[in-house]
Amino acid sequence: MTTSSLDRVAQLSIWSGPVAPAPLDGGISNENFKVVDRGRAYVVRVADDVPVHGVLRANELAASRAAAAAGLSPDVIYQEPGILVIDFIESRAFTAADVRAPANRDRIVDLVRRCHHDVPRHLRGPGFMFWPFHVLRDYAHTLVSGRSRYLDDLPALMAASERLERAVGPIDVVFGHNDLLPANILDDGARLWLVDWEYSGFNSPLFDLGGVASNAEMDADAQRDLMERYLDRPVDDGFARRMDAMTAASLLRETMWSMVSEIHSKLSFDYQSYTAENRARFDAAYARFLDWDRS
């Protein structure tokens, strides 16, 4: 947290009088504060565009408004450059264990389906796409220009990316959240909410499904069950292989996101450890994908 961000939040013109912003934990790409004004609570996100990650706040705003209109996300209350104010939802953030819990699987599938099919009905302005393999190629260029300490790893990582992209093949296109970390799913005790739309955009549904599975470290059986509930039909081995390819790609994207953040982020966060953690998880997922071609 920076003093300048806290002061800026406190001085927003929308408040009825003096407020006391309280920092919220959890953000690794922005700063978040809770503000109570006239007995109503809000979340204030402080974040500018992040070109190295393809994050444009105008796109996040459009997606946030569409998600609120679709009933998936809190209402957008106010916006100015670098600031987004939304309603505060009294809730708890999911953990990986919550996402893995069989009792929550249908709830999560319903949330993901509604994101994919309901949010674009309310989206205004130009459409925007998030294609993970383009993101990975762009990250590689950014790491080269930034003289990253991971340069020796890039040839193997990008060869893996190309192999995974070929395996995914032609795709259906939906509106994806594209950052389905457990903490971005909130439970108010009665229903689930989906927050943080900065990476959203049109994509394959496989990426969100793979993200749900990989970020919660689901085993193979749980991941297949997730797919079949989403599709409402059994899946064959060909589809399961494509899913494993995109699951590995989601972890490679998270790994390289962290590599880039090591160079460019100004937030206080241990990105090196985050890189190592996600690299190990990617290596395991990629090995599982390669097993398809050995069997």
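Report on the accompanying structure. Throughout this document, residue positions are counted from 1 along each chain, in the order its sequence is written. Per-residue local features are limited, in this predicted model, to residues with pLDDT of at least 70; the limit for side-chain atom pairs, both in listing and counting, is 80 or more; totals at the level of whole chains, interfaces and linings are taken over all residues. Side-chain metrics in this entry use all non-hydrogen atoms of the structure; hydrogen atoms and water are not considered.

### Remarks on the pairing of strand β4 (residues 76-80)
Part 1 of the argument: Here the rule is simple: two strands pair whenever DSSP picks up at least two bridges between them. Secondary structure follows DSSP: runs of H or I at least 4 residues long count as helices, runs of E at least 2 residues long count as strands, and numbering of each begins at the N terminus. Note that β4 and strand β5 (residues 83-87) share four bridges and pair antiparallel. Opposite E80, over in β5, you have I83 as the bridge partner.
Part 2 of the argument: In textbook terms, the turn of a hairpin is the stretch between consecutive antiparallel strands, and for β4 and β5 this stretch comprises two residues, one of which, G82, has a positive phi near 85°.

### Concerning the packing of aromatic side chains
Part 1 of the argument: Centres within 6.5 Å are what make two rings of Phe, Tyr or Trp a pair, Trp counting through its six-membered ring; a difference in plane orientation under 30 degrees is then read as stacked, over 60 as edge-to-face, and the rest as tilted. Scanning all chains against the criterion turns up eleven aromatic pairs.
Part 2 of the argument: An angle of 75° between the planes, with centres 6.1 Å apart, marks the rings of W257 and Y274 as edge-to-face. Taken together, the positions of W257 in helix α9 (residues 237-264) and Y274 in helix α10 (residues 271-294) put the pair 17 residues apart, joining distant regions of the chain. Note on accessibility: W257 and Y274 belong to one class, buried. Note on classification: 1.4 Å probe, protein chains only; a residue is buried when its accessible area is under 20% of the maximum for its type, exposed when over 50%, partly exposed between these limits.

### Let's talk about the packing of helix α8 (residues 220-231) against α9
When two helices pack together, you describe them by how their axes are tilted relative to each other and by the distance separating the axes.
Part 1 of the argument: To obtain each axis, a line is fitted to C-alpha atoms, and for helices this fit is confined to the stretch in contact; angles are then taken between N-to-C directions over 0 to 180 degrees. Running from N to C, α8 and α9 cross one another at 110°; their axes reach a closest spacing of 11 Å. Of the possible angle classes, the one that applies to α8 and α9 is roughly perpendicular. Every pair of crossing elements has a handedness; the one defined by α8 and α9 is right-handed. Residues Q223, R224, M227 and L231 of α8 form the contact with α9, whose participating residues are D237, F239, A240, M243, D244 and T247.
Part 2 of the argument: Of the residues contributing to the contact of α8 with α9, the split by class is five nonpolar, two polar and three charged. In this scheme, roughly parallel covers angles under 35 degrees and roughly antiparallel covers those over 145, while 65 to 115 is roughly perpendicular and the rest are oblique. Put simply, a crossing is left-handed when the front helix is turned counterclockwise from the back one by less than a right angle, and right-handed when it is turned clockwise. Note on definitions: a residue-residue contact is assigned when non-hydrogen atoms from the two residues lie within 4.5 Å. Under the scheme applied here, ten amino acids are nonpolar (Ala, Val, Leu, Ile, Met, Phe, Trp, Tyr, Cys and Pro), four are charged (Asp, Glu, Lys and Arg), and all others, including Gly, are polar.

### Some points on the side chain of S73
Part 1 of the argument: As for its placement among the helices and strands, S73 is situated in the loop between α2 (57-69) and β4.
Part 2 of the argument: Classification of S73 by relative accessible area gives buried; the value is 6%.
Part 3 of the argument: The definition of a polar contact used here is a pair of N or O atoms within 3.5 Å, where within protein one atom must be able to donate a hydrogen and the other to accept one, and adjacent residues in sequence count solely through side-chain atom pairs. Among the polar contacts made by the side chain of S73, one reaches the side chain of W197 at a distance of 3.2 Å.
Part 4 of the argument: Excluding residues within four positions of it along the chain, S73 makes contact with A67, A68, W193, L194, V195 and W197.

### Quick look at helix α4 (residues 105-118)
Part 1 of the argument: Given a helix with a known number of residues, its expected span is that number minus one, times 1.5 Å. The end-to-end C-alpha distance of α4, which contains 14 residues, comes to 19 Å, matching closely the 20 Å that a straight helix rising 1.5 Å per residue would cover.
Part 2 of the argument: Among all positions of α4, only R105, I108, V109, L111, V112, C115 and H116 are buried. Down the axis of α4, the buried set is contained in an arc of 160°. They therefore lie on one face.
Part 3 of the argument: Looking at the buried residues of α4, the elements they touch are α3 (96-100), β7 (174-176), β8 (185-187), β9 (192-194), α7 (205-215) and α8. Throughout, the arc means the angular range of directions from the helix axis out to the C-beta atoms.

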